[in-house]
Amino acid sequence: MKNLFWVSIILLPPVAVAECTCELDGEEDRNRAGALKYKLAAIGAILAASAVGVCLPVLGRTVAALSPERNFFFILKAFAAGVILSTGFIHVLPDAFESLTSPCLGEKPWEDFPFAGFVAMVAAIGTLMVDTYATAHYQRQSEKKNRKKAEAEDEEEGMVPVHTHATHGHAHGAVSTESGETELLRHRVISQVLELGIIVHSVIIGIALGASDSPKTIRPLIGALTFHQLFEGIGLGGCITQAKFNAAAITLMAIFFSLTTPTGIAVGIGLSNIYSETSPTALIVEGVCNSASAGILIYMALVDLLSADFMSPKMQSNLKLQLGANASLLLGAGCMSLLAKWA
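Definitions and cut-offs
- Residues numbered from 1 in each chain as written.
- Predicted model: local features only at pLDDT ≥ 70, side-chain atom pairs only at ≥ 80, totals over all residues.
- Heavy atoms only, no water.
- Phe/Tyr/Trp six-rings, centres within 6.5 Å; stacked < 30°, edge-to-face > 60°.
- Helix = DSSP H or I, 4+ residues; strand = E, 2+ residues; numbered from the N terminus.
- Axes fitted to C-alpha atoms, helices over the stretch in contact; angles between N-to-C directions.
- Parallel < 35°, antiparallel > 145°, perpendicular 65-115°, else oblique.
- Left-handed = near helix turned anticlockwise from the far one by under 90°.
- Contact = heavy atoms within 4.5 Å.
- Nonpolar A, V, L, I, M, F, W, Y, C, P; charged D, E, K, R; others polar.

Right, let's get into the packing of aromatic side chains. Scanning the model with the defined rule gives four aromatic pairs in all. Taking 6.3 Å as the distance between ring centres and 35° as the angle between the ring planes, the aromatic pair formed by Phe 115 and Phe 118 counts as tilted. Placement of both Phe 115 and Phe 118 in helix α4 (residues 115-156) is noted, with a separation of three residues, approximately one turn of the helix. Cluster of aromatic residues (ring-pair linked, three or more members): Phe 79, Phe 227 and Phe 231.

Quick look at the structure:
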């Protein structure tokens, strides 16, 4: 018993010392000049990876293998969806919990309440509402436009609106057209909401990297974020391709996505003198934004990317494609999860 007592006394001090503090880790590793070189390298690498990722599916219009109708496109999109899903669950949401439960916040009114999870849930529900109402709004507009177009065509042909076989055929054609337009509008809503969710957490990641003065911290982040942005870009690019935007809209969305993280890094560099990642304001803003972003990304990955493709007739009727897509999904989620130790 005496030996056990002395062993416990010896082990107590390290346990007591291992308390949470608000001090930044690695103060001795700080090197502003050295860190700046890595930050500039990160801007170039992430910008290139983002641009390649988001433009790759768009090239499907000219490269047959990347066409949205090909099986390879489904498999590639499943991998990208796995990356996005893992980003929400493994990277963004845990960071949100860490920020909102930090000891640097002092006394927190939500200390016994999982506020990060609550914000993520509300964001997911909000995304569902936006998704539903936006799709319904565009669908009503499309139906109204088609109705006016049909009436104009009938007037030009001098047709009287009576119940005949001709009008029957016209109605069937209109239903088919409306169904195609509804699906197209759905893809457009998905691509816009997905880009919003990606942009929110990309800005936060960029600012955090840009504000860091530790080369030891930045070095592994360059590779992790480059991989991260490449495959998030592929997922977004796939949605943009299916939405069939015009060239100007595609270019704008691709540029906006590609510049988000590099811009965040540039802002972080500018704020590095005054930005403190342990200040209560920074922690709360970062925690809430990360929580909301996680909710959006998880909803979009599961509902709009995976469910839509995995439940499609093309996937359901092809066992090999199902197996390939599932394997690709697990590979994407697994690879992104492994990067959690660096990102």
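Another aspect to go through is the packing of helix α6 (residues 215-243) against helix α7 (residues 247-271). Packed helix pairs are specified by the crossing angle of their axes together with the interaxial distance, meaning the distance between the axes. One can describe the packing of α6 onto α7 by two numbers: an axis separation of 11 Å at closest approach and a directional angle of 160°. Classified by the interaxial angle, the pair formed by α6 and α7 is roughly antiparallel. Between α6 and α7 lies a crossing whose hand is right-handed. Seen from α6, the contacting residues are Gln 229, Glu 232, Gly 233, Leu 236 and Ile 240; seen from α7, they are Ile 250, Met 253, Phe 257 and Thr 261. Looking at side-chain class alone, the contact of α6 with α7 contains five nonpolar, three polar and one charged residues.

So, about the packing of helix α2 (residues 32-55) against α6. One way to put it is that α2 packs onto α6 with a least axis distance of 7 Å and a crossing angle of 15°. If you check the angle between α2 and α6, you find them roughly parallel. Seen from above, α2 lies across α6 with right-handed handedness. Looking at the contact of α2 with α6 residue by residue, the classes come out as 16 nonpolar, seven polar and two charged.

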